[in-house]
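# Secondary and tertiary structure notes
Residue strings, one per chain:
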Amino acid sequence: MTRFAAFSLSLLSLSSAFGASDMQGMDHSQMGDLQSMDDGMMQPAAPTESRTPIPKLTDADRAAVFTSHGGHQVHDSVINTYFLADKLEWQNGDDASTLAWDVSGWIGGDIDRLWLRSEGERSNGKTEDAEIQALWGHAISPWWDVVSGVRQDFKPGAPQTWAAFGLQGMALYNFEAEATAFLGENGQSAVRLEGDYDILLTNRLILQPTAELNVYGKNDPQRGIGSGLSNTEAGLRLRYEIRREFAPYIGVTWNRTYGNTADYAREEGEDRSEVRLVLGVRMWF
């Protein structure tokens, strides 16, 4: 072998040795990163817009959604009205059947309103108890009104006129309450407390407990009223709202008289307490 050939073989050996060493020291993870970059570049980019883009809103679209339909207007001069027949019912008592009502309504704005209330009973074709109230109400908060006006009693006894002052509204947990004081003829005075609460069993089936309490300042034998706590009434009515404005109901009430009022009732042959089954309808508009 010549010297030139031997020198060439030596160079080839060195080159092979250095090449193998470089391959062994290479970081193969970098090769994976390079390959993933190549794969990502080969895949198409995700679209930034829908192939069927939603058209932009126009003024006509906004007008169609927000057009006013003449509904209730807040804090303005528009006059609104409301009527509620909370109780229009037949009551089956121990002695006779009774027709009873408790209705109210108002006309006015959001701050000042004229309120009308009426309640009473008819038994055996005769009006046993009837009254009407006309009150001016002024809102002192979003949930409470102060009221003042007159109350006219037609039965029992001779007609009697009262001055009325009170507070009405909604307490915590949607408890509706009324507290009214009355000053009548010949120095007679009275206080009436009323309350009711709606318990939603379902969206349309509603259980309503009610309570009423009457206190008088002095005896009035002509009307069968005694001083102090005169009478109370507690009721439980279950109604089904066929529509929000119309709901038949069934229930039970418990009436009780106290003190001299109970004595007057006993003299008339009436019981001190009585439980009644009631059937009726509640409606508003």
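Parameters at a glance
- Residues numbered from 1 in each chain as written.
- Predicted model: local features only at pLDDT ≥ 70, side-chain atom pairs only at ≥ 80, totals over all residues.
- Heavy atoms only, no water.
- Helix = DSSP H or I, 4+ residues; strand = E, 2+ residues; numbered from the N terminus.
- Buried < 20%, exposed > 50% of the residue type's maximum accessible area, 1.4 Å probe, protein only.
- Contact = heavy atoms within 4.5 Å.
- Core = buried A, V, L, I, M, F, W, Y, C linked by side-chain atoms within 4.5 Å.
- Phe/Tyr/Trp six-rings, centres within 6.5 Å; stacked < 30°, edge-to-face > 60°.
- Pairing = 2+ DSSP bridges.
- Salt bridge = Lys/Arg side-chain N within 4 Å of Asp/Glu carboxyl O.

It is worth spelling out the environment of Arg223 at this point. Take Arg223: it is sitting in the loop between strand S10 (205-216) and strand S11 (228-240). A relative accessible area of 14% places Arg223 in the buried class. Spatially, the C-alpha atom of Arg223 lies 9.4 Å from that of Thr261, the residues being 38 residues apart in sequence. Contact partners of Arg223, with chain neighbours within four places excluded, come to Pro156, Gly157, Ala158, Pro159 and Gln160.

Let's shift gears to the nonpolar core. One finds Trp106, Trp115, Leu135, Val147, Trp162, Ala164, Phe182, Ala190, Tyr216 and Ile225 forming the largest nonpolar core, which totals ten residues. When near neighbours in sequence (up to four residues on either side) are disregarded, Leu135 contacts Arg113, Leu114, Trp115, Arg117, Val147, Ser148, Gly149, Val150 and Ala164.

Next up on the list: the packing of aromatic side chains. The full count for this structure, using the stated rule, is six aromatic pairs. Aromatic side chains Tyr82 and Trp284 sit 6.0 Å apart centroid to centroid with 40 degrees between the ring planes, which places their arrangement in the tilted category. With Tyr82 in strand S1 (residues 80-92) and Trp284 in strand S13 (residues 273-284), the pair connects residues that are 202 residues apart, well separated along the chain. Residue class for Tyr82 comes out partly exposed when judged on its relative accessible area of 28%.

In this section: the pairing of S10. Burial of the side chains of S10 is restricted to one face: Ile206, Gln208, Thr210, Glu212, Asn214 and Tyr216 are buried, whereas none of Leu205, Leu207, Pro209, Ala211, Leu213 and Val215 on the reverse face is. Examined bridge by bridge, strand S8 (residues 189-197) and S10 share seven bridges and lie antiparallel to one another. Counterpart to Glu194 in the pairing with S10 is Glu212. With two bridges connecting them, strand S9 (residues 199-200) and S10 associate as antiparallel partners.

The next thing to look at is the pattern of salt bridges. Here the structure, examined in full by the defined rule, presents 17 salt bridges. The closest approach of N and O atoms between Arg117 and Glu178, which form a salt bridge, is 3.6 Å. Of this pair, Arg117 sits in strand S3 (residues 112-123) while Glu178 sits in strand S7 (residues 175-184); the two residues are 61 residues apart in sequence, bridging distant segments of the chain. A relative accessible area of 9% places Arg117 in the buried class. In this structure Glu178 comes out as partly exposed when scored by relative accessible area, which is 27%. In this structure, Glu212 engages Arg192 in a salt bridge whose closest nitrogen and oxygen atoms are separated by 3.8 Å. Of this pair, Glu212 sits in strand S10 while Arg192 sits in strand S8, placing them 20 residues apart in sequence. Note on Arg192: relative accessible area 5%, which makes it buried. Beyond isolated ion pairs, a larger network of salt bridges with shared partners links Glu119, Glu131, Arg151, Asp153, Arg192 and Glu212.

Scope: geometric values only; no functional claims are made or implied.
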